[in-house]
Amino acid sequence: AQSVTQLDSQVPVFEEAPVELRCNYSSSVSVYLFWYVQYPNQGLQLLLKYLSGSTLVKGINGFEAEFNKSQTSFHLRKPSVHISDTAEYFCAVSLIYNQGGKLIFGQGTELSVKP
Amino acid sequence: DTAVSQTPKYLVTQMGNDKSIKCEQNLGHDTMYWYKQDSKKFLKIMFSYNNKELIINETVPNRFSPKSPDKAHLNLHINSLELGDSAVYFCASSHGQGVGETQYFGPGTRLLVL
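Residues numbered from 1 in each chain as written. Chains lettered and ligands numbered in written order. Predicted model: local features only at pLDDT ≥ 70, side-chain atom pairs only at ≥ 80, totals over all residues. Heavy atoms only, no water.

Enquirer: A description of the pattern of salt bridges should follow, citing residues and the corresponding values.
Expert: Summed over all chains, the structure comprises 11 salt bridges over all chains. Between Glu58(B) and Lys102(A) there is a salt bridge, with its nearest N and O atoms 3.2 Å apart. In this pair, Glu58(B) is assigned in the loop between strand 6 (53-57) and strand 7 (64-70) and Lys102(A) in the loop between strand 10 (87-95) and strand 11 (104-105), connecting two distinct chains. Among the residues examined, Glu58(B) registers a relative accessible area of 18% and is labelled buried. Where Asp30(B) meets Lys71(B), a salt bridge forms, and the shortest distance between an N and an O atom there is 2.7 Å. Linking Asp30(B) in the loop between strand 3 (19-25) and strand 4 (31-37) with Lys71(B) in the loop between strand 7 and strand 8 (73-78), this pair joins segments that are 41 residues apart in sequence. When salt bridges that share partners are traced, they join Glu20(A), Glu66(A) and Arg77(A) into one network. (Salt bridge = Lys/Arg side-chain N within 4 Å of Asp/Glu carboxyl O. Helix = DSSP H or I, 4+ residues; strand = E, 2+ residues; numbered from the N terminus. Buried < 20%, exposed > 50% of the residue type's maximum accessible area, 1.4 Å probe, protein only.)

Enquirer: Describe the side chain of Asp85(B), and please don't skip the residues or the numbers.
Expert: All names here are of chain B. Within the secondary structure, Asp85 is located in the loop between strand 8 and strand 9 (87-94). Residue Asp85 is classed as buried on the basis of its relative accessible area of 4%. Here the side chain of Asp85 touches Glu82 through a polar contact of 2.8 Å, landing on its backbone nitrogen. (Polar contact = N/O pair within 3.5 Å; in protein donor to acceptor, adjacent residues only side chain to side chain.)

Enquirer: Give a detailed account of the pairing of strand 5 (residues 31-38) of chain A, specifying residues and quantitative values.
Expert: Residues and elements named next belong to chain A. With 8 of 8 residues buried, strand 5 lies mostly within the body of the structure. Where burial is concerned, the two faces of strand 5 agree: the one with Val31, Leu33, Trp35 and Val37 and the one with Tyr32, Phe34, Tyr36 and Gln38 are both buried. Here 8 bridges tie strand 5 to strand 10, and the two strands are oriented antiparallel to one another. The residue bridging Val37 from the neighbouring strand is Tyr89, located in strand 10. Pairing geometry for strand 5 and strand 6 (residues 44-50), over 6 bridges, is antiparallel. (Pairing = 2+ DSSP bridges.)

Enquirer: I'd love a proper account of the interface of chain A and chain B, names of residues and values included.
Expert: Across the contact, 25 residues belong to chain A and 25 residues belong to chain B. For the pair chain A and chain B, the summed buried area comes to about 1,900 Å², and 56% of that belongs to carbon and sulfur atoms. Summed over the shared surface of chain A and chain B, the number is 2 salt bridges. A salt bridge links Lys41(B) to Glu88(A); the shortest N-O distance between them is 3.5 Å. Where chain A meets chain B, there are 6 residue pairs in polar contact (both at pLDDT 80 or more). Residues of the side of chain A that touches chain B, tallied by class, amount to 11 nonpolar, 11 polar and 3 charged. (Contact = heavy atoms within 4.5 Å. Buried area = accessible area lost by both parts, 1.4 Å probe. Nonpolar A, V, L, I, M, F, W, Y, C, P; charged D, E, K, R; others polar.)

Enquirer: Could you give me a rundown of the nonpolar core, with the residues and numbers involved?
Expert: Ranked by internal contacts, the top residues of the largest apolar core, which has 30 residues, are Leu33(A), Trp35(A), Leu47(A), Leu48(A), Phe74(A), Leu76(A) and Tyr89(A). Counting residues in hydrophobic clusters, the runner-up holds 20 residues, among them Cys23(B), Met32(B), Trp34(B) and Ile78(B). (Core = buried A, V, L, I, M, F, W, Y, C linked by side-chain atoms within 4.5 Å.)

Enquirer: Summarise the packing of aromatic side chains; cite the residues concerned and give the values.
Expert: In total, this model carries 12 aromatic pairs over all chains according to the counting rule given. Their ring planes at 45° and their centres at 5.5 Å tell us that Phe63(A) and Tyr89(A) sit as a pair that is tilted. Placement of Phe63(A) in the loop between strand 7 (56-58) and strand 8 (64-68) and of Tyr89(A) in strand 10 is noted, with a sequence separation of 26 residues between them. Both residues of the pair, Phe63(A) and Tyr89(A), count as buried. Chaining the aromatic ring pairs together yields one cluster made of Phe34(A), Tyr36(A), Phe90(A), Phe105(A), Tyr33(B), Tyr35(B), Phe90(B) and Phe105(B). (Phe/Tyr/Trp six-rings, centres within 6.5 Å; stacked < 30°, edge-to-face > 60°.)

Enquirer: Which residues make up the environment of Lys9(B), and what values go with them?
Expert: All names here are of chain B. Tracing the sequence through the fold places Lys9 in the loop between strand 1 (4-7) and strand 2 (10-13). Overall, the relative accessible area of 43% leaves Lys9 in the partly exposed class. C-alpha separation for the pair Lys9 and Gly108, spaced 99 residues apart in sequence, amounts to 6.5 Å. Those residues in contact with Lys9 that lie beyond four places of it in its chain are Gly108, Thr109 and Arg110.

Structure follows, in structure tokens:
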């Protein structure tokens, strides 16, 4: 079975500081990796995804993530955060050979950006 | 135009009632999903449909019955509502078979069972 662990449930950070949100996954088969963001009282929106190729993936709003197969990690980073980045961030995986596109989510990390 | 829309946005009801949530997408996608987000914000897939055909049915009680009248709509009917059904329900859609595709989420339906 597959699982996703987001190592920090809450990450408080000051505006313009760098941030890293950590994600580890467990799977015996190959997976695709995703980061989604959920702003308060809204649905989820894709930040970025890793399907294949370069292990450094750039997404929207200045976020990037690096796939590390040996450490089964997919950490999300941003060099300088804004107040507007305050949201819940979800790491997710889906099986490459899975019919239906099922996403398995981590528990979420609440990013709180303070002025 | 809203890409994935859900109605109603809020639903407050008594235990034992039956209720439906509607979802529509205008993106021309083939695959649609229902997810449940609990009070701790944990998200879990419930169902997935591709071109009106049920593809994924996670271990969801029989009281939950999805219906897809066409590929742009995926509705969720819940019978005999229980307190534990209180959650936010998200509809989503994606291209093709969905594998590796970006999922586009609706705004959610906040269900409270009293």
